[in-house]
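Coordinate inspection notes
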Amino acid sequence: MTCVPTFLLLLGQTARALPGTHAPAVSSYDTRASSVVLAYRHGSSDAGAFNTVSYNANFSSSTGRLSAQFGLHYVNFGSKINDSTAHGVGASGVALFLFPVAGRYPDGTPKVAVSFDVGAVPTAYVSGQRNYLTMPLVLGFAVPMSPHPAITFVPWFEAAPSANLDTVFKRAAITLGQEDVNIDIVAGTASLNQNAVEAAVRKGVSVDLSFAVPMRAGLDADIHLSDSADFDVHSAFTTLGGGFRGTSVLTLGAGLTFRWDDIVPAVLPVERRLERESCDAVEGRFRSCPSSTRWLSPEQRARPQAPNPPLVGHAPAATLPPPRPAVVTPRLTPAPAPPVIPSPPSATPSSEAPKGASSPSPSASAAFPN
């Protein structure tokens, strides 16, 4: 968080606006959920003591990277110069951006993050003699670091280009002529004309307008008591003036953060995102996934698996018979022809017929009839 807002009234010195007296800009660097923050801070300096009571309402985006913070602050200052107490009020409106750079813990707390903030913190102080108004444009940078999910350390730095207005009412000697006073004897009243009033204002009221760039730096620690509550410790160093010039102020404080909304699901791991979802919603979302048709319970996985059913909207694939083994037909080679054995030459016919063989009958002819 930013340091204590301070108002320094040096009633014994020349009137001048003091930069760096605006109210706190950032109330929490935890953007996981919308929250409210109550805080008290006490500042010590050579000029006097400062006390601040702050109330902030913070609204986180659905991604957990943006927090819109609005605050209302009461401040007072106990001056050592004249033993008087000055009272003031401030309002803040800041946009805080946070980007994790090293992952998150299971509760969504970033391990290391980079944060930027920009906003405006107009602050006014009103008293009988001095009235102050500062209009700063706040630009901040921080590096939240969480060595453990239960604690976060936040070193931060802030620059605030500011327009400052001092209005001081003081005693002034005014000479009035007879023509400046209108006396009504019957009514028993006296009044000043317009010229006399304008002259009195010019001499008795001084206005000082200035521009400066005050800077602040500090270290905060947030102890995460639960998902819905944090205990915050604040420390800061600043000066009453532009840059780090002027009276030094050391600030210490503490506060409580209450998250009135759930932690946004985007910063949680998947298993925790579904804790708050109804079973019907989870089942409906699962059934819309294409992989739901192929999901098997542990019991089904233990049994032999049946063929997967076809996907919805797809025609079933044709069931093909198992391939038959190929029959290899041997290639027949014609057997070689047997060698031709030449037959033995036939015997020379003789005139004599073998015994027991009948001789052929001579064919009939016209010369020799049978």
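Quick look at the structure, then. (Residues numbered from 1 in each chain as written. Predicted model: local features only at pLDDT ≥ 70, side-chain atom pairs only at ≥ 80, totals over all residues. Heavy atoms only, no water.)

**Looking at the pattern of salt bridges**
To keep it simple, the criterion reads: Here, a salt bridge means any side-chain nitrogen of Lys or Arg that lies within 4 Å of a carboxyl oxygen of Asp or Glu. The way it works is that DSSP assigns letters per residue, a run of H or I at least four long becomes a helix, a run of E at least two long becomes a strand, and they are numbered from the N terminus. Buried residues are those whose accessible area, probed at 1.4 Å on protein chains only, stays under 20% of the maximum for their type, while exposed residues exceed 50% and partly exposed ones sit between those limits.
Tallied over the entire structure, the rule returns five salt bridges. Arg 259 is paired through a salt bridge with Asp 30; the nearest N and O atoms lie 2.5 Å apart. Of the two residues, Arg 259 is situated in strand β16 (residues 247–259) and Asp 30 in the segment before β1 (35–44); the sequence distance between them amounts to 229 residues. Assigned by exposure class, Arg 259 and Asp 30 land together as buried. One connected set of salt bridges, linked through shared partners, spans Asp 30, Arg 32, Asp 107, Asp 230 and Arg 259.

**Quick word on the pairing of strand β4 (residues 85–100)**
Stated formally: Strands are labelled as partners when DSSP assigns at least two bridges between them.
Bridge count between strand β3 (residues 66–79) and β4: 13 bridges; the pairing is antiparallel. Of the residues in β4, the one forming a bridge with Phe 77 is Ala 86. Bridge count between β4 and strand β6 (residues 123–126): three bridges; the pairing is antiparallel. Within the sheet, the bridge partner assigned to Val 89 lies in β6 and is Ala 124.

**Some points on empty space enclosed by the protein**
Our working definition: Cavities and pockets are found on a 1 Å grid laid over the protein atoms alone: a cavity is a set of points where a 1.4 Å probe fits but cannot escape, a pocket is an open set with protein on both sides within 12 Å along at least five of seven lines, and a lining residue has an atom within 4 Å of such a point. Grid points are joined across faces, edges and corners, and a volume is the space filled by probe spheres set on the points.
For the coordinates displayed, the defined rule picks out three cavities of 30 Å³ or more. Empty space within the largest cavity amounts to approximately 120 Å³. Residue lining of the largest cavity: 15 residues in total, with Tyr 29, Asp 30, Thr 109, Pro 110 and Thr 152 positioned closest to the centre. Going through the elements one at a time, β8 (145–148), β9 (151–159) and β14 (215–226) are the ones with two or more residues in the lining of the largest cavity.

**Side note on a nonpolar patch on the surface**
The condition that has to hold: Excluding any residue in a salt bridge, patches collect residues exceeding 30% relative accessible area, merging like charges within 9 Å and nonpolar Val, Leu, Ile, Met, Phe, Trp and Tyr side chains within 5 Å. Here the accessible surface of atoms and residues is derived via Shrake-Rupley with a 1.4 Å probe, and residues count as covered only by protein chains that are part of the display.
A surface patch of nonpolar side chains, amounting to about 690 Å² of accessible area, comprises Leu 38, Tyr 55, Ile 223, Leu 225, Phe 231, Val 233, Leu 256 and Phe 258. Looking at the nonpolar patch, the elements that each hand over two or more residues are β14, β15 (229–240) and β16. Structurally, Ile 223 is set in strand β14.

**Comments concerning the nonpolar core**
Here is the rule: Nonpolar core, defined: a set of buried Ala, Val, Leu, Ile, Met, Phe, Trp, Tyr and Cys residues in which side-chain atoms within 4.5 Å join the residues together. Only heavy atoms enter the contact rule, under which two residues are in contact if any of them lie within 4.5 Å.
Membership of the largest hydrophobic core comes to 13 residues, with the highest contact counts inside it found for Ala 25, Val 26, Tyr 29, Val 121, Val 138, Ala 142 and Trp 156. Elements that contribute at least two residues to this core include exactly β4, β7 (130–142) and β9. Beyond its immediate sequence surroundings of up to four residues, Val 121 is in contact with His 22, Ala 23, Pro 24, Ala 25, Ala 91, Ser 92, Thr 134, Pro 136 and Val 138. The next biggest cluster of nonpolar side chains, apart from the first, holds eight residues, and it includes Ala 47, Phe 50, Phe 77 and Leu 240.

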